[in-house]
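Reading the structure
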Amino acid sequence: MAGIELKDVRKVYAGGVEAVKGVSLDVQDGHFVVLVGPSGCGKSTLLRMVAGLESITSGTIAIGGRTVNELEPAERDIAMVFQNYALYPHMTVRRNLEYGLRNRRIPSDEITRRVNEAAAILEIAPLLDRKPGQLSGGQRQRVAMGRAIVREPAAFLFDEPLSNLDAKLRVQMRAEIRSLQRRLGTTSLYVTHDQLEAMTLADQLVVLSAGHIEQAGSPMEIYERPATLFVATFIGSPAMNLLPIEPETASQLAGSSAVRDSLSVGTTIGIRPEHMRLVGDEGIQDDEIAADLVVTGVELVGAESYVYGVFGAQKAEIAVRVPGYRHFDGGTPIRAAAGATSLHRFDSKTGLRLDSPV
Amino acid sequence: MPRAVFPNRILPYALLAPQVAITLVFFYWPASQALYQSTLRQDPFGLKTRFVGLENFEAVLSDPSYLNAIETTLIFSLATAALAMALALLFASAAEKVIAGKGLYRTLMIWPYAVAPAVAGLLWLFMFNPTMGTFAYILRRSGIPWDPLLDGNQAMLLVIFAAAWKQISYNFLFFVAAMQSIPRSLIEAAAIDGARSTKRFWTIVFPLIAPTTFFLLVVNTVYAFFDTFGIIDAVTAGGPAKATETLVYKVYNDGFVNLDLGGSAAQSVILMAIVIALTAIQFRYVERKVHYG
Ligand SMILES: Nc1ncnc2c1ncn2[C@@H]1O[C@H](COP(=O)(O)OP(=O)(O)O)[C@@H](O)[C@H]1O
Ligand SMILES: [Mg+2]
């Protein structure tokens, strides 16, 4: 068991691409940390540097207090689960699980014990004599997990391990990975582009963009207080509504004049769709501001729907969550309101958060 | 495959005709000539020809020099295939590790394939010619009595190297392609699993390229059997004392030099049977691709 510490880690690829631009990160012993960010932001690169599969251009990486910059992948005491599972196709499942242990000259009765134990935990015992080609995607995923578990490493590294599964299986495996990690208590660093997966798995969430950390914290902290515009729109689905304040914007809004006066030009306000409501006959409350929208579409997602509309001359797109299903034709004018406490404020230029939503 | 339906009943045959004609003229015609010839015997002046049935085959198969040629062919072919494949595999795995100039390295590796067999033979002949070859000089300087013109084993070594050298490029291309089709993550997983480079090669890479290796084994054997005439002719002309006379070379020698047309034809027919057998093996095992999926 061990933590993982990254200090000012940078990666410049041979072609000159700076994939990781100075990342410092402290993964505590036993924690499940998820790196999330859009495709190409350097997540895999960062994880592969921890694994020892990519050289580190500068900075240091330590696992369990030991600097591993110069160590081979095998010497870092980590196990990795790959997106395509990377099972050895010519070996049976049992051989796949044993491979890393045999290479380390673990006594054979110990190998048998660990393999059987992992097979029992993952319910893959009946598959041990099959080859990977004879397994379904979900089963391969379990075998890949098994291969990591039997090693009993200091840390697990996951690179988008669920992206090749269908939606239903993904949700199921997500829960299993989480409970397995809790049970084993092994430090885990997990990479995904799926913000929902990230939110549900993480003890600590790290949002990455273009090679640097935008924000790190618990999923709730990040959801409730996104530090930048990027995080605000990346975490949460549908994304947070953004409204850049222009000279005439405040006058186009309705509701609390105190709130409207506080909107200064050059800032952007953000409101999550679930913090907005459609205004009916009851009207607007004192601490609310409201905007008149023209409906562009409605999306039913089950127990609730999202009404999409555009606002004002700047045609800002706004999504409003409504319970149940409400139908509107395109072009219908509607009014949507939000409480002052649910506003997030950002500097439009720097993208940085300006205040707290009290 | 979807069935093509032609509106015209003659068109399909017309389209097939050129292919059929070529096969008839260049395969069935000479093959039947060889079969026919193999049952005839001519006097040395080519004046009288008579039908002898299977006597030519009897004579060929009981001829010690023919049995010697079979042995020579086996040694030559297996050694050539093994050497060409082993070196190509070595170079291909080295190519994986080359970082700068990968393209150049690969291009250079492919060049020997473009050299005509006889020219390749001459190249090796010049390099190792006892009187003027640079390498022959180096060998003798280091105390090796190098004389492939007199020593049969050395002559054999020389043709094996020349023949293998030409085939390395071909094997290299296939090995490189096979290795590239192995997902990188497999190698990385093995590295994390504690297997060092050599171990990874023998436990992951080698088993995964086995279908290619088997394919190349057949192709190389066929090559060494049948496509090395030019090299042998240029380097040793089958000598010294028939030490490098392979079956194919013997067909030529007996037929066109010694003018024993019937015996030569009988040998051709035997060779034809060997080709058919090897091709059958190739179809049976190689075409049926191995899938691990
Ligand atoms: N081997 C490589 N050589 C050069 N550039 C690379 C290499 N691998 C990745 N990159 C670049 O580095 C950036 C980050 O890639 P990656 O870490 O794979 O992103 P992610 O996993 O977040 O999608 C991308 O711009 C990508 O094109
Ligand atoms: Mg990636």
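Quick caveat: nothing in here was measured; it's all calculated off a predicted structure. (Residues numbered from 1 in each chain as written. Chains lettered and ligands numbered in written order. Predicted model: local features only at pLDDT ≥ 70, side-chain atom pairs only at ≥ 80, totals over all residues. Heavy atoms only, no water.)

Considerations on the overall build of chain B
- Regarding its fold elements, chain B presents 13 helices and 2 strands.
- Taking the principal axes of the C-alpha coordinates as reference, chain B spans close to 75 × 75 × 30 Å.
- Looking at chain B as a whole, 40% of its 293 residues qualify as buried.
- Put simply, 65% of the contacts in chain B that link residues at least 6 apart link residues at least 24 apart.
- With 20 positive and 16 negative side-chain charges, chain B shows a spacing of 13 Å between the two charge centroids. (Helix = DSSP H or I, 4+ residues; strand = E, 2+ residues; numbered from the N terminus. Buried < 20%, exposed > 50% of the residue type's maximum accessible area, 1.4 Å probe, protein only. Contact = heavy atoms within 4.5 Å. Lys, Arg positive; Asp, Glu negative; His and termini not counted. Charge placed at Lys NZ, Arg CZ, Asp CG, Glu CD.)

Looking at the pairing of strand β11 (residues 241–244) of chain A
All names here are of chain A.
- Of the two faces of β11, the one holding Asn241 and Leu243 is buried and the one holding Leu242 and Pro244 is not buried anywhere.
- Across 4 bridges, β11 lies against strand β13 (residues 267–271) in antiparallel orientation. Counted as the bridge partner of Pro244 is Thr268 from β13. (Pairing = 2+ DSSP bridges.)

Quick notes on the UniProt feature "transmembrane region" (unreviewed entry) in chain B
Residue and element names in this part refer to chain B.
- As annotated in UniProt, the feature "transmembrane region" (unreviewed entry) corresponds to residues 12–31, 74–95, 107–127, 155–180, 201–226 and 265–286 in the numbering used here.
- Across residues 12–31, the secondary structure splits into 100% helix and 0% strand, with the terminal C-alpha atoms separated by 27 Å.
- Taken as a whole, residues 155–180 contains 100% helix and 0% strand, while its terminal C-alpha atoms sit 37 Å from one another. (UniProt positions renumbered as here; feature names shortened; annotations may be inferred.)

As for the packing of aromatic side chains
- Overall, the coordinates contain 21 aromatic pairs over all chains when judged by the stated rule.
- Centre to centre, the rings of Tyr170(B) and Phe174(B) are 4.9 Å apart; their planes meet at 40 degrees, and the pair counts as tilted. Of this pair, Tyr170(B) and Phe174(B) are both found in helix α7 (residues 152–180), 4 residues apart, which corresponds to roughly one turn of the helix.
- Since its relative accessible area comes to 32%, Phe174(B) is described here as partly exposed.
- Taken together through their ring pairs, the aromatic side chains of Trp124(B), Phe128(B), Phe135(B), Phe161(B) and Trp165(B) make up a single cluster.
- In this structure, Arg147(A) is placed above the aromatic ring of Tyr88(A), and the distance from its NZ or CZ to the ring centre is 4.7 Å.
- The ring centre of Tyr223(A) lies 3.9 Å from the NZ or CZ of Arg272(A), which sits over that ring. (Phe/Tyr/Trp six-rings, centres within 6.5 Å; stacked < 30°, edge-to-face > 60°. Lys NZ or Arg CZ within 6 Å of the ring centre and 35° of its normal.)

A short note on a nonpolar patch on the surface
Residues and elements named next belong to chain B.
- A surface patch of nonpolar side chains, about 840 Å² in accessible area, is lined by Leu16, Val20, Ile22, Leu24, Val25, Phe26, Phe27 and Tyr28.
- One can find Phe27 in helix α1 (residues 11–37).
- Judged by relative accessible area, Phe27 falls into the partly exposed class, the value being 40%. (Patch = residues over 30% accessible without salt bridge, like charges linked within 9 Å, V, L, I, M, F, W, Y side chains within 5 Å. Areas by Shrake-Rupley, 256 points an atom, 1.4 Å probe, with all protein chains shown as cover. Salt bridge = Lys/Arg side-chain N within 4 Å of Asp/Glu carboxyl O.)

A word on the UniProt feature "domain: ABC transporter" (unreviewed entry) in chain A
- Under the feature "domain: ABC transporter" (unreviewed entry), the UniProt entry names residues 4–235 of chain A.
- In residues 4–235 of chain A, helix accounts for 37% and strand for 25%; the two terminal C-alpha atoms are 25 Å from one another.

Some words on the sheet that holds strand β1 (residues 4–12) of chain A
Residues and elements named next belong to chain A.
- Strand order across the open sheet formed by 4 strands is β2-β1-β4-β5, with antiparallel pairing between neighbours. Here the strands that pair on one side only, and so sit at the sheet edges, are β2 (18–27) and β5 (66–67).
- Where β1 meets β2, 7 bridges bridge the pair, whose relative direction is antiparallel. By the bridge assignment for β2, Val12 is matched with Glu18.

Thoughts on the interface of chain A and chain B
- In this complex, chain A contributes 26 residues to the contact, which on the side of chain B involves 20 residues.
- In total, chain A and chain B occlude about 1,800 Å² of area from one another, counting both sides; carbon and sulfur atoms represent 58% of this.
- Interface area lost by chain A to chain B is led by Pro89(A), His90(A) and Tyr99(A), which between them contribute 28%.
- Across the chain A-chain B interface, the total number found is 3 salt bridges. (Buried area = accessible area lost by both parts, 1.4 Å probe.)

Re unusual backbone geometry
Residues and elements named next belong to chain A.
- Residue Pro238 follows Ser237 across a cis peptide bond; omega there is -5 degrees.
- Here Pro238 shows up in the loop between α8 (229–234) and β11.
- Backbone geometry places Arg105, a non-glycine residue, at a positive phi of 55 degrees.
- Assignment of secondary structure puts Arg105 in the loop between α2 (93–103) and α3 (108–122).
- Phi is positive for Glu152, which is not a glycine, with a value near 50 degrees.
- Residue placement: Glu152 occurs in the loop between α4 (137–150) and β7 (155–159).
- Taking relative accessible area as the criterion, Glu152 reaches 46% and is therefore assigned partly exposed.

Some thoughts on the sheet that holds β13(A)
Residue and element names in this part refer to chain A.
- Pairing is antiparallel in the open sheet, where 3 strands are placed in the order β11-β13-β19. Edge positions in the sheet fall to β11 and β19 (344–347), since each has one partner strand and no second. Neighbour-to-neighbour, the strand axes of this sheet turn through a mean angle of 25 degrees, independent of strand direction. (Axes fitted to C-alpha atoms, helices over the stretch in contact; angles between N-to-C directions.)

So, the site of ligand 1
All names here are of chain A.
- In the region of ligand 1, the neighbouring residues are Tyr13, Ala19, Pro38, Ser39, Gly40, Cys41, Gly42, Lys43, Ser44 and Thr45.
- Contacts to ligand 1 include Gly40, whose backbone N or O atom sits 2.6 Å from an oxygen atom.
- Between ligand 1 and the protein, one listed contact pairs an oxygen atom with a backbone N or O atom of Gly42 at 3.1 Å.
- Protein contact buries 59% of the 560 Å² of open area that ligand 1 shows by itself.
- In terms of residues, the shell around ligand 1 owes the most to one element, helix α1 (residues 43–51), which gives 3 residues. (Near = heavy atom within 4 Å. Polar contact = N/O pair within 3.5 Å; in protein donor to acceptor, adjacent residues only side chain to side chain.)

Focus on helix α5 (residues 117–128) of chain B
Residue and element names in this part refer to chain B.
- Between its first and last C-alpha, α5 extends 17 Å over 12 residues, near the 16 Å set by a 1.5 Å rise per residue.
- Of all the positions in α5, only Ala120, Gly121, Trp124, Leu125 and Phe128 are classed as buried. Here the buried residues of α5 occupy an arc of 140 degrees about the axis, which is enough to place them on one side.
- Along its buried surface, α5 packs onto α6 (134–141), α7 and α11 (229–235). (Expected span 1.5 Å × (residues − 1). Arc of directions from axis to C-beta.)

Here we look at the confidence of the model for chain B
- Confidence along chain B averages 83 in pLDDT terms, with 95% of residues attaining 70 or more.
- Confidence scores differ between elements of chain B, with strand β1 (residues 40–42) of chain B showing the lowest mean pLDDT of 78 and helix α8 (residues 184–192) of chain B the highest of 94. (pLDDT = per-residue confidence, 0-100.)

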